[in-house]
Amino acid sequence: DGYYLSSNTCYKCNSPCVTCYSSTKCYSCIDGYYLSSNTCYQCNSPCSTCSSSTTCKSCISGYYLYSNTCNQCVSPCKTCSSKTKCDSCIDGYYKSSSGECKNPKYGEIKGGYCYIYSDDETDFSKAICTCNKGYAKVGETECIKCSTN
């Protein structure tokens, strides 16, 4: 594998050929290339692997595969597995239990406020909180009034 015989001498196949029967004729190609008429051609972006110039088998990050075509994820999805299912979100959003990217919810706490990165508005374990002026942060989700000296 990876070599061809010519005049009783073995020669290594040239990349992007994986297997070949001459210096210019391929049987198979490395990932990111497809075989056509014994020649390896690079897949067109956003395809990461393909079986022809118009048939994608997988996509680069930020795209999803649908009907052999790579389609761009819709913001605020950063990566996705379909038009409606986000795998990760752009900064400032969180992935909901349904696979959507959502804005964090705003919630007030004594002496400050929080942005909650969860479907559960009472789940402060996934919150980023800020204290108002004159208050100090204690733990992740509590603000106490500073004493004036």
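Residues numbered from 1 in each chain as written. Predicted model: local features only at pLDDT ≥ 70, side-chain atom pairs only at ≥ 80, totals over all residues. Heavy atoms only, no water.

(A) Representation of the pairing of strand β5 (residues 33-36) within the structure. Alignment of β5 against strand β6 (residues 39-42), held across four bridges, turns out to be antiparallel. For L35, the partnering residue across the bridge sits in β6 and is C40. (Pairing = 2+ DSSP bridges. Helix = DSSP H or I, 4+ residues; strand = E, 2+ residues; numbered from the N terminus.)

(B) Focus on the state of the cysteines. In this structure the tally under the stated criterion is 11 disulfides. C43 shares a disulfide with C50; S-S distance 2.0 Å. Taking the sign of the torsion about the S-S bond as the criterion, the disulfide between C43 and C50, at about -95°, is left-handed. With relative accessibility at 9%, the residue C43 sits in the buried group. C89 shares a disulfide with C101; S-S distance 2.1 Å. Disulfide C89-C101: the torsion about the S-S bond is -90°, which places it as left-handed. Of this pair, C89 sits in strand β12 (residues 86-89) while C101 is found in strand β14 (residues 101-102), placing the two residues 12 residues apart along the sequence. A residue is classified by how much of its surface remains accessible, and C89, at 15% relative accessible area, is buried. The structure places no disulfide on C10, whose sulfur is separated from the nearest cysteine sulfur, that of C13, by 10 Å. (Disulfide = S-S within 2.5 Å. Buried < 20%, exposed > 50% of the residue type's maximum accessible area, 1.4 Å probe, protein only.)

(C) Molecular detail of unusual backbone geometry. Cis geometry is adopted by the peptide bond preceding P16, which originates at S15 and carries an omega value of 15°. Geometrically, the link from S75 to P76 is a cis peptide bond, its omega value of 15° lying close to zero. By the secondary structure assignment, P76 is in the loop between β10 (69-72) and β11 (77-80). One non-glycine residue, S7, adopts positive backbone phi at about 50°. For S7, a relative accessible area of 69% corresponds to the exposed category. A positive phi angle, near 60°, is found at N8, a position not held by glycine. Within the element layout of this structure, N8 appears in the loop between β1 (3-6) and β2 (9-12).

(D) Summary view of the environment of S96. Locating S96 in the fold gives a position in the loop between β13 (94-95) and β14. C-alpha of S96 to C-alpha of C129: the two residues are 33 residues apart in sequence and 19 Å apart in space. Ignoring any residue separated from it by four or fewer positions in sequence, one finds S96 in contact with K102 and D119. (Contact = heavy atoms within 4.5 Å.)

(E) Expanded view of the sheet that holds strand β17 (residues 127-131). Strand order in this open sheet of three strands is β15-β16-β17, and the pairing throughout is antiparallel. Of all strands in the sheet, those bounded by a partner on one side alone are β15 (105-109) and β17. Each adjacent strand pair in this sheet contributes to an overall mean axis angle of 25°, direction not counted. With five bridges joining them, β15 and strand β16 (residues 112-116) adopt antiparallel strand pairing. Within the sheet, the bridge partner assigned to Y106 lies in β16 and is Y115. (Axes fitted to C-alpha atoms, helices over the stretch in contact; angles between N-to-C directions.)

(F) How the structure looks around the packing of aromatic side chains. Scanning the entire structure with this criterion turns up seven aromatic pairs. Judged by centre distance (6.4 Å) and plane angle (80°), the ring pair of Y94 and Y117 falls under edge-to-face. With a gap of 23 residues between them, Y94 in strand β13 and Y117 in the loop between β16 and β17 connect regions that are remote in the sequence. Judged by relative accessible area, which is 24%, Y117 ranks as partly exposed. Both rings, one in Y113 and one in Y115, keep their centres 6.0 Å apart while their planes meet at 85°; by these two values the pair is edge-to-face. (Phe/Tyr/Trp six-rings, centres within 6.5 Å; stacked < 30°, edge-to-face > 60°.)

Remember that the coordinates give geometry; whether it matters functionally is a separate question.
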